[in-house]
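# Close look at the chain arrangement
This is what each chain is made of:
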Amino acid sequence: MRVLEIASEAVPFAKTGGLADVAGALPGALADLGCEVALVMPGHRDAYAKGLPIESTGIEFEVPVGTRRPVARILRCRVPGSGCDAYLVANDEFFDRPTLYGGSSDYPDNAERFIFFSRAALELACRLGGPWDILHCHDWQTGLVPAYRALEYASHPAVASARTVMTIHNMAYQGLFWHWDMLLTGIDWKHFTWREMEFYGQLNLLKTGLVFADAISTVSPTYAREIQSSPGGCGLEGLLSARRGVLTGIVNGIDTRVWNPATDPHLPRPYGEADVEAGKYAARAALAARFGHAAPDARPLVAFVGRLVEQKGIELVLEVLGRMAAAGRAHFVILGTGSGEYEELLQRAALMFPGTVDLAIGFDEGLAHLVQAAADITLVPSLFEPCGLTQLYAQRYGSIPVVRATGGLVDTVVDATPETIRDHSATGFVFQGFDAAGLEHALARAMTAHADRPLWNGLVGNAMRQDWSWRSSGRDYLQLFERTRAS
Ligand code: ADP
Ligand code: GLC
């Protein structure tokens, strides 16, 4: 099975969220199962700042984008820890930028950038030589790949028999653009209809991918169901339910080489289940020092790590933080970056409760690891969550997740009830409605459990023993690819 993974970000080259974790780890997981896999992604500026052994391939070609023909230069590097090649599509005009997609607003030429990337990825597949079995596309940035394969490359020997799989990581980002950007795609206007590429007058790149792909997947079974109706489908529920015969949900794995408390270089002291308390204490001391405290305090440490956007339930965190920090019952640590408004509100809370609320605004991979190791409890109160990785990392690091019952959080966290505690399946605390009272109640349950040492140690053990490695998800992807190839 020959697979080309096509994504706009991948660890360790460039990352804004979970997509990068998945795209960086999946190639190795598939290779372990006997696939021949390569990854192609844009040559973002970030990729060159990591000291990775990136080399030129000498492959260079022009890519038609509207009336222009910008040049794609292809660089290569191994995906660390796997035998797979990563190809970086370099073009300084499009990708030599400080951030991947823009700052407080998107880059105005994002349509052009990802039309260029999608065409370049397919052209590269052809130049590398075929035949490819599967072109695996991730999110709106690669949504045109299935369309180009079907409309322009159907008879190219390298990809003629290739099947396309479109994986949705988040329905809330669809790559919606001005209808005139259709001209940049080079695709005939006859495809600009509600059945294919058009969405309420705009060009919709994710929809394009979902229409033209041979198979569709998303990152958890529950989310696969949620997106077939409103509001989960974000306007594409009709299309997704019409295509439900080829739609599956596969929970993300985690890269256990990168996220492993026993070997994690970001921690002051490695630990496993047997010495979790000592490991966590050392991590808390390091975290306290980082925030300028003389020593860690004895209260439960409650953490939040994530993008500061509506999806992640920051409003609920802010409300509960205000009440619980005032009562002084827990110590909070928050690491995130995102909307200016949320950043400001969190800064205000941190100023109001010094010594109780620690805040780090920014993107800091090492600190994310340290926080998960130090925390007793990790909050994931999302409005919606296609899969979510933070609750999986939390479990592995012995931090108990408190999550809302949505998307992948339903599939990966087992609420602590008398029954699940008894049968050792409990791994966290789950609440239903998207409101602060629900989060507060679940957090209060977690704090009560925390005060009961034997109970808490049991929960931590259950969580740490979960196997969220890519082993089983990799197999599910392979089965999906085999099914799709045979279709
Ligand atoms: P999403 O992809 O929606 O952002 P996930 O839970 O799937 O959510 O993945 C988030 C990933 O990004 C995790 O690896 C998490 O540790 C990381 N992350 C999010 N915010 C930050 C941050 N401010 N600093 C470091 N890592 C972060
Ligand atoms: C998206 C989702 C998140 C998921 C990640 C990786 O960013 O918001 O839930 O874990 O993609 O699939």
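In what follows, the accompanying structure is described. (Residues numbered from 1 in each chain as written. Chains lettered and ligands numbered in written order. Predicted model: local features only at pLDDT ≥ 70, side-chain atom pairs only at ≥ 80, totals over all residues. Heavy atoms only, no water.)

This paragraph deals with the overall build of the protein. On a plain count of helices and strands, the protein comes out with 18 helices and 18 strands. Computed over its C-alpha atoms, the radius of gyration of the protein comes to 23 Å, within 12% of the 23 Å expected for a compact globule of 487 residues. Structurally, the protein occupies a C-alpha span of about 65 × 45 × 45 Å along its principal axes. Within the protein, the fraction of its 487 residues that count as buried is 57%. Restricting to contacts in the protein with at least 6 residues of sequence separation, those with at least 24 account for 71%. Of the roughly 18,800 Å² of accessible surface on the protein, 53% is carried by carbon and sulfur atoms. Of the charged side chains in the protein, 42 are positive and 54 negative, and the gap between their average positions amounts to 3 Å. (Helix = DSSP H or I, 4+ residues; strand = E, 2+ residues; numbered from the N terminus. Rg over C-alpha atoms; globule rule 2.2 N^0.38 Å. Buried < 20%, exposed > 50% of the residue type's maximum accessible area, 1.4 Å probe, protein only. Contact = heavy atoms within 4.5 Å. Areas by Shrake-Rupley, 256 points an atom, 1.4 Å probe, with all protein chains shown as cover. Lys, Arg positive; Asp, Glu negative; His and termini not counted. Charge placed at Lys NZ, Arg CZ, Asp CG, Glu CD.)

Surrounding ligand 1, one finds 20 residues, the nearest of these being G18, D21, R307, K312 and G362. One nitrogen or oxygen atom from the main chain of G18 is found 2.6 Å from an oxygen atom belonging to ligand 1. Summarising the interface, the protein chains cover 94% of the accessible area of ligand 1, which totals 560 Å² for the free molecule. Tallied by class, the residues present in the shell around ligand 1 amount to five nonpolar, eight polar and seven charged. Each of domain 1 (2-253 + 471-486) and domain 2 (273-467) contributes no fewer than three residues to the shell around ligand 1. (Near = heavy atom within 4 Å. Polar contact = N/O pair within 3.5 Å; in protein donor to acceptor, adjacent residues only side chain to side chain. Nonpolar A, V, L, I, M, F, W, Y, C, P; charged D, E, K, R; others polar. Domains from an automatic or database assignment.)

Turning our eyes to something else, we now look at the site of ligand 2. Looking at ligand 2, there are 13 residues lining it, with H169, N252, E385, C387 and G388 nearest. The separation between an oxygen atom of ligand 2 and a polar main-chain atom of P386 is 3.5 Å. The backbone of G388 places a nitrogen or oxygen atom 2.8 Å from an oxygen atom of ligand 2. The fraction of the free accessible surface of ligand 2 (310 Å²) that becomes covered by protein chains is 93%. Among the elements that line the shell around ligand 2, the one with the most residues is helix 1 (residues 18-32), at three residues. Partitioning the shell around ligand 2 into residue classes produces five nonpolar, six polar and two charged. When residues of the shell around ligand 2 are assigned to domains, at least three map to each of domain 1 (2-253 + 471-486) and domain 2 (273-467).

Turning our eyes to something else, we now look at the sheet that holds strand 16 (residues 377-380). With parallel pairing, the six strands of this open sheet are ordered in space as 15-14-13-16-17-18. The sheet is open, and its two borders are formed by strand 15 (357-361) and strand 18 (429-431), each paired with just one other strand. The average undirected angle you get between the axes of adjacent strands in this sheet is 15°. Bridging between strand 16 and strand 17 (residues 400-404) involves four bridges; their strand directions are parallel. What sits directly across from L379, in strand 17, is V402. (Pairing = 2+ DSSP bridges. Axes fitted to C-alpha atoms, helices over the stretch in contact; angles between N-to-C directions.)

With that settled, the discussion passes to the nonpolar core. Residues V159 and F429 are the most contacted members of the largest nonpolar core, which totals 161 residues. Considering every element that reaches this core, the biggest residue donor is helix 3 (residues 110-128), with 11 residues. A domain split of this core shows at least three residues from each of domain 1 (2-253 + 471-486) and domain 2 (273-467). If you look at the next biggest cluster of nonpolar residues, it comprises five residues, including V380, L409, V413 and V430. (Core = buried A, V, L, I, M, F, W, Y, C linked by side-chain atoms within 4.5 Å.)

Attention now moves to the side chain of N110. Counting through the fold element by element, N110 comes out in helix 3. Of the polar contacts made by the side chain of N110, one reaches the backbone oxygen of Y101; its length is 3.0 Å. Sequence-distant contacts of N110, that is, excluding residues within four places in its chain, are made with Y101, W140 and F177.

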